[in-house]
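# Results of the structural survey
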Amino acid sequence: MDTSVLIVGAGPAGLMLAAELTLAGAHPIVVERLAKRTGESRGLGFSARTMEVFDQRGLLPRFGELETSVQGHFGGIPLDFSVLPDAHAGVKHRVSQSETEQVLEAWVHDLDVDLRRGHALVSLVDDGDMVTAEISGQGATYSLQAQYVVGCDGGRSVVRKLAGFDFPGTAPTREMFLADLRDIDIEPRLIGQTVPNGMVMAARLRDDVHRIIVCEQGTPPQRRTEPPSFAEVAAAWQRLTGQDISTATPVWTSAFGDPARQVTEYRRGRVLLAGDAAHVHLPAGGQGMNVSIQDAVNLGWKLGAVVQGTGSVQLLDSYHHERHPVGQRLLMNAQAQGKLFLGGDEMQPVRQVFSELVDYDVVARHLVGMVSGLDVRYDVGAGQHPLLGMRLPPRPLVCGGDKIISTELLHAARGVLLLFDDKPALWDVASKWTDRIRVVHAELPEVDRENPLHEVAAVLVRPDGYVAWVQPGSDDSLADSLHRWFGSSS
């Protein structure tokens, strides 16, 4: 084998996956057809779940000072994210996708990942024992043999097409333009603000850059190979708003649509998909990049364990079982949001009803959980404790006399068994897996009955931060859970 894992695509999902695999002990190769990053910034900001993901790997300081806001939206209907604990802390604005890619690329460089820019996948063959990929780069074509190939190569994924994944769903029905502009003053317009014959949005990203989105009713989708010209974007803006922005300086322009497609399986033999390669949808609420990163974090430790020989095929299958429903839910809510902010005047009564409903806490919590990713819960085994299958919440702990935040325990991307009581029997069980998990004796710094860790004796946390076992609360034994998620004991 030339590599344990070949990753195709160096966007946020591919870079995150490369780092996670490396932390798991694998040595991936990443190929990216583009010679350099585009600098484009389709995704803006982080959801609460992605913030937790970056925090658990110690990445947040790399982004510098981040702007926080409790305000979000669902299809243009304002939402107060503070209705859920920790949700408001994850609404980080004005961090562009290009900045996120820059940070992640610097991280994989620090981890000494083999990243090959200007190298494109030409073909691949999965013979059951390995995958052989033909790569074109630097004026030549060469072969790579890998145990697994992961397509992180976006909505027009070459990996998905070459491997024959089924990709059902609906085609785009309209075309929208997005542009970042300098040297222009544009009045802010909230997402979902309808105008006769369409929808427009405008927001200031930085002091000198404005972002606009424009959608004309009845504009058919086009399969473009190049971005739209700024003249085309400016003409559409003027038709809908009456404002001439043709003198602005475009930073970049883009066109997108409202497709809703998802592969039927996230793994086919030795080929897997993550991010936009697995699901495409209308950009709504900045969820696409966030869900793609979370796909990579779910897959990374599992695939790393498999290629290291400690994980089973069943563990790898859990990637599809856990992330496919998340992708389905993403498509569903993106379509619903699209109806709200693209539906025109006929949707105004529905918007009014939604605006009334979000004043109820139960509705607001439901929608905030959906768009922030905080409602994601995995099937980790039978039990009644509310933490089971949920992420370990960021809470203060005292470990060895030091005060820390729980997410710090996950920096090394290993499993963690938190022992809050003196439980020698649990330690004896866990000692057979200490090459893959860390056992930590912890205390809560104060009594807080609202803390989900209150009155918990022990918690097993997977490398991706999700709680796999709780005592009391899990029906399975600790040994069974360790075997399920971390393989046979040593």
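What counts and what doesn't
- Residues numbered from 1 in each chain as written.
- Predicted model: local features only at pLDDT ≥ 70, side-chain atom pairs only at ≥ 80, totals over all residues.
- Heavy atoms only, no water.
- Helix = DSSP H or I, 4+ residues; strand = E, 2+ residues; numbered from the N terminus.
- Rg over C-alpha atoms; globule rule 2.2 N^0.38 Å.
- Buried < 20%, exposed > 50% of the residue type's maximum accessible area, 1.4 Å probe, protein only.
- Contact = heavy atoms within 4.5 Å.
- Areas by Shrake-Rupley, 256 points an atom, 1.4 Å probe, with all protein chains shown as cover.
- Patch = residues over 30% accessible without salt bridge, like charges linked within 9 Å, V, L, I, M, F, W, Y side chains within 5 Å.
- Salt bridge = Lys/Arg side-chain N within 4 Å of Asp/Glu carboxyl O.
- Pairing = 2+ DSSP bridges.
- Polar contact = N/O pair within 3.5 Å; in protein donor to acceptor, adjacent residues only side chain to side chain.
- Axes fitted to C-alpha atoms, helices over the stretch in contact; angles between N-to-C directions.
- Parallel < 35°, antiparallel > 145°, perpendicular 65-115°, else oblique.
- Left-handed = near helix turned anticlockwise from the far one by under 90°.
- Nonpolar A, V, L, I, M, F, W, Y, C, P; charged D, E, K, R; others polar.
- Core = buried A, V, L, I, M, F, W, Y, C linked by side-chain atoms within 4.5 Å.
- Phe/Tyr/Trp six-rings, centres within 6.5 Å; stacked < 30°, edge-to-face > 60°.
- Expected span 1.5 Å × (residues − 1).

So, about the overall build of the protein. Secondary structure assignment for the protein yields 11 helices and 27 strands. Relative to the compact-globule value of 23 Å for 490 residues, the protein shows a C-alpha radius of gyration of 23 Å, a close match. Expressed along its principal axes, the backbone C-alpha trace of the protein runs to roughly 75 × 60 × 40 Å. Evaluated residue by residue, the protein yields a buried proportion of 54% over its 490 residues. Taking the intrachain contacts of the protein between residues at least 6 apart in sequence as the baseline, contacts between residues at least 24 apart amount to 70%. Total accessible area computed for the protein in this model is approximately 21100 Å², and 49% of it derives from carbon and sulfur atoms.

Moving on, we come to a nonpolar patch on the surface. On the surface, Val 353, Leu 357, Tyr 360 and Val 362 cluster together into a nonpolar patch covering about 390 Å² of accessible area. A residue is classified by how much of its surface remains accessible, and Val 353, at 45% relative accessible area, is partly exposed.

Taken together, the three strands give an open sheet; going across it, the order is β12-β18-β21, and neighbouring strands pair in antiparallel fashion. This sheet does not close on itself; its edge strands, each paired only once, are β12 (169-170) and β21 (279-280). In this sheet, β21 lies alongside strand β18 (residues 260-262) in antiparallel orientation, the contact comprising two bridges. By the bridge assignment, Gln 262 is partnered in β21 with His 279.

Another point: unusual backbone geometry. In this structure, Pro 472 follows Gln 471 across a cis peptide bond, with omega equal to -5 degrees. Although it is not a glycine, Ala 413 adopts a positive phi angle of roughly 60 degrees. Overall, Ala 413 belongs to the buried group, its relative accessible area being 11%. For Glu 455, which is not glycine, the phi dihedral falls at a positive 65 degrees. By the secondary structure assignment, Glu 455 is in the loop between β25 (437-441) and β26 (458-461). Given a relative accessible area of 62%, Glu 455 falls into the exposed group.

Note on placement: Ser 474 falls in the loop between β27 (467-471) and α11 (478-486). A polar side-chain atom of Ser 474 sits 2.9 Å from the main-chain amide nitrogen of Val 470. Residues contacting Ser 474, with those up to four places away along its chain left out, are Ala 382, Gly 383, Leu 388 and Trp 469.

The next thing to look at is the packing of helix α1 (residues 12-23) against helix α3 (residues 97-110). Look at α1 against α3: their axes get within 9 Å of each other, and the N-to-C directions meet at 25 degrees. Taken together, α1 and α3 sit at an angle that is classed as roughly parallel. Along this stretch, α1 crosses α3, giving a crossing that reads as left-handed. Where α1 abuts α3, its residues Pro 12, Leu 15, Met 16, Ala 18, Ala 19, Glu 20 and Leu 23 lie against Gln 97, Glu 101, Leu 104, Glu 105, Trp 107 and Val 108. Tallied by class, residues from the contact of α1 with α3 come to nine nonpolar, one polar and three charged.

Leu 6, Met 16, Phe 54, Leu 124, Val 150 and Leu 303 are the most contacted members of the largest nonpolar core, which totals 64 residues. Take this core: its biggest share by element is eight residues, from helix α6 (residues 287-308). With 44 residues, the next largest nonpolar core counts Trp 301, Leu 392, Leu 419 and Ile 437 among its residues.

Right, let's talk about the packing of aromatic side chains for a bit. Summed over all chains, the structure comprises eight aromatic pairs. Taking the centre distance of 4.9 Å and the plane angle of 70 degrees together, the rings of Phe 46 and Phe 63 count as edge-to-face. Here Phe 63 lies in the loop between α2 (48-56) and β4 (67-68) and Phe 46 lies in strand β3 (residues 44-46), a separation of 17 residues in the sequence. Assessed through its relative accessible area of 4%, Phe 46 is described here as buried. What makes Phe 63 buried here is its relative accessible area of 13%. Measuring from centroid to centroid gives 4.4 Å for Tyr 378 and Tyr 466, while their planes differ by 40 degrees, and the two rings are tilted. Taken together, the positions of Tyr 378 in the loop between α9 (361-372) and β22 (396-399) and Tyr 466 in the loop between β26 and β27 put the pair 88 residues apart, joining distant regions of the chain. The pair formed by Tyr 378 and Tyr 466 is uniform in burial state, with each residue classed as buried.

Glancing now at the pairing of β26. Of the two faces of β26, the one carrying Ala 458 and Leu 460 and the one carrying Val 459 and Val 461 are both buried. Relative to β26, strand β24 (residues 415-419) is paired through four bridges, and the arrangement is antiparallel. Residue pairing in the sheet places Leu 417 in a bridge with Leu 460 of β26.

This paragraph deals with the sheet that holds strand β14 (residues 194-195). Overall, antiparallel pairing links the five strands, which are arranged β14-β15-β16-β13-β17 in an open sheet. Two strands lie at the open edges of the sheet, namely β14 and β17 (249-256), each paired on one side alone. Against the sheet, helix α5 (residues 230-241) touches β13 (176-182), β14, β15 (198-206), β16 (209-216) and β17, its axis set at about 70 degrees to β16.

This brings us to α9. Under the 1.5 Å per step criterion, the end-to-end length of α9 is 16 Å for 12 residues, consistent within 8% with the ideal 16 Å. Packing partners of the buried residues in α9 comprise α2, β5 (71-74), β6 (77-80), α6, α7 (313-342) and α8 (348-357). Positive phi appears at Gly 373, one or two residues downstream of α9, with a value of about 85 degrees.

One pass over the structure, following the stated rule, counts 23 salt bridges. Salt-bridge contacts for Glu 175 lead to Arg 224; the nearest nitrogen and oxygen are separated by 2.7 Å. Taken together, the residues span a long stretch of sequence, with Glu 175 in the loop between β12 and β13 and Arg 224 in the loop between β16 and α5 at a distance of 49 residues. No difference in accessibility class separates Glu 175 from Arg 224, as the two residues are buried. Two residues, Asp 180 and Arg 211, come together in a salt bridge whose shortest N-O distance is 2.8 Å. One end of the pair, Asp 180, is in strand β13; the other, Arg 211, is in strand β16, and 31 residues separate them in sequence.

Any functional reading would require information beyond the geometric quantities listed.
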